[in-house]
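The primary structure of each chain is shown beneath.
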Amino acid sequence: MRTKIIAGNWKMNTSLADAHILATGVRDGVEHIERIETILCPPSIWLASVAHDIVQKGQYPHLHLGAQNMYYEDAGAFTGEISPVMVKEVAEYVILGHSERTHVFGESIELINNKVHASLAHGITPILCVGEDDQTETSKQIVLDTLRKLLDGVSEEDIKKVVVAYEPVWAIGTGKAATPEYAQEVIGYLREILSSDTRILYGGSANDENAKSYLSQPDIDGLLIGGASLKLKVFLTMCQIADDIGQDLGHQSLHS
Ligand code: PEP
């Protein structure tokens, strides 16, 4: 049974004070939402502080931290970057290949593939983003081909550990969310090259009103949420919806 994930990508938002308020609000709000994994991905400069806010001696085992990006080398002359060794000290997940990394910062498939290998080698779970720029008849195939390249050289065993986030670029931050049926169709297709254990998320203008329709789809294992993750009440509602669906599916509390 694949445990559902609700992941918040705060992108380049929040002051330190806001990050603290949001993180502790989520921590307290998900205290009894234990059938899912909740992941917070603050800006890297706040990671250690948010780690302190939410990770207190295993008290919140269903709440996790993720970085929004990292480089693949362990250390060295890479000004402005953070390394897997650094991420590992504070977080368990890392978002890789987000479309803002590829479109704004020009990251290549090869670079992202190196990062995927580095994260797995360091025991950090990659949340690997993939999605088409425009919705066309060939979208599904484009996404599948890109995912194959992003996962080049990753063993079958490691593919089970990767979390894939299907994020159609046209739906990110636009308010034009993909229909749940379309997201299911693409994600079901991607599952063909993945393991049945691999969790696949949908991302793109997800919110508290459409969350249930995605999370009820057979192959959609959670949501990667941008804008709505900055609104505490909305984010917590989405966590609760995922938890309720987990209950309907007969999930046990992760930690009971
Ligand atoms: C994202 O940035 O990963 C994302 C899905 O953003 P939004 O929810 O704002 O569309």
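Below is a summary of the structure that appears in this document. (Residues numbered from 1 in each chain as written. Predicted model: local features only at pLDDT ≥ 70, side-chain atom pairs only at ≥ 80, totals over all residues. Heavy atoms only, no water.)

### What to know about the site of the ligand
Surrounding the ligand, one finds 14 residues, the nearest of these being K11, H98, E167, G173 and S205. Here S205 contributes a backbone N or O atom positioned 2.7 Å from an oxygen atom of the ligand. Between the ligand and the protein, one listed contact pairs an oxygen atom with a backbone N or O atom of G226 at 2.8 Å. With the chains in place, 95% of the 290 Å² that the ligand exposes on its own is no longer accessible. In the shell around the ligand, the residues fall into four nonpolar, eight polar and two charged. (Near = heavy atom within 4 Å. Polar contact = N/O pair within 3.5 Å; in protein donor to acceptor, adjacent residues only side chain to side chain. Areas by Shrake-Rupley, 256 points an atom, 1.4 Å probe, with all protein chains shown as cover. Nonpolar A, V, L, I, M, F, W, Y, C, P; charged D, E, K, R; others polar.)

### Re the packing of helix α1 (residues 16-29) against helix α2 (residues 47-54)
Closest axis-to-axis distance for the α1/α2 pair is 9 Å, and the angle between their directions is 30°. As summarised for this structure, α1 and α2 are arranged roughly parallel, according to the angle between their axes. For α1 against α2, the interelement crossing comes out right-handed. Mapping the contact onto sequence places L16, A19, H20, A23, T24 and R27 in α1 and S49, V50, D53 and I54 in α2. Residues belonging to the contact of α1 with α2 are distributed by class as follows: five nonpolar, three polar and two charged. (Axes fitted to C-alpha atoms, helices over the stretch in contact; angles between N-to-C directions. Helix = DSSP H or I, 4+ residues; strand = E, 2+ residues; numbered from the N terminus. Parallel < 35°, antiparallel > 145°, perpendicular 65-115°, else oblique. Left-handed = near helix turned anticlockwise from the far one by under 90°. Contact = heavy atoms within 4.5 Å.)

### A closer look at the packing of helix α5 (residues 109-121) against helix α6 (residues 139-150)
Axis separation between α5 and α6 bottoms out at 8 Å; the angle between their running directions is 55°. Relative to α6, the element α5 is oriented oblique. Across from I109, I112, N113 and V116 in α5, the residues of α6 making contact are T146, K149 and L150. When its residues are assigned to classes, the contact of α5 with α6 shows four nonpolar, two polar and one charged.

### What about the sheet that holds strand β5 (residues 125-130)?
As summarised here, the arrangement of the eight strands in space is β1-β2-β3-β4-β5-β6-β7-β8, forming a closed barrel in which the pairing is parallel. Between one strand and the next, the sheet's axes are offset by a mean angle of 25°, whatever the strand orientation. Here two bridges tie strand β3 (residues 63-67) to strand β4 (residues 93-96), and the two strands are oriented parallel to one another. Its bridge partner lying in β4, G66 is registered against Y93. Strand contacts of α2: β2 (37-41) and β3, with the helix running at about 175° to β3, the strand carrying the most contacts. (Pairing = 2+ DSSP bridges.)

### A look at the pattern of salt bridges
Scanning the model with the defined rule gives twelve salt bridges in all. The shortest N-O distance in the salt bridge between D221 and R2 comes to 2.9 Å. Remark: R2 occurs in the segment before β1 (5-9) and D221 occurs in the loop between α9 (211-215) and β8 (222-225); sequence separation between them is 219 residues. The exposure class of D221 is buried, given its relative accessible area of 2%. The exposure class assigned to R2 is partly exposed, which follows from its relative accessible area of 21%. With a closest N to O distance of 3.0 Å, R101 and E107 form a salt bridge. Of the two residues, R101 and E107, both sit in the buried class. Within the structure, one salt-bridge network assembled from shared partners comprises R2, R191, D219 and D221. (Salt bridge = Lys/Arg side-chain N within 4 Å of Asp/Glu carboxyl O. Buried < 20%, exposed > 50% of the residue type's maximum accessible area, 1.4 Å probe, protein only.)

### Some thoughts on the packing of aromatic side chains
Geometrically, a pair of aromatic rings is defined through the distance of the ring centres and the angle of the planes. Tallied over the entire structure, the rule returns five aromatic pairs. Between the aromatic rings of Y71 and F78, the centroid separation amounts to 4.8 Å while the plane-to-plane angle is 45°, which identifies the pairing as tilted. On the accessibility criterion, F78 (32% relative accessible area) is partly exposed. These aromatic residues form a ring-pair network of at least three members: Y71, Y72 and F78. When the ring centre of F105 is taken as origin, the NZ or CZ atom of R101, which lies over that ring, is 4.1 Å away. The lysine or arginine in question, K140, covers the ring of Y189, its NZ or CZ lying 4.8 Å from the ring centre. (Phe/Tyr/Trp six-rings, centres within 6.5 Å; stacked < 30°, edge-to-face > 60°. Lys NZ or Arg CZ within 6 Å of the ring centre and 35° of its normal.)

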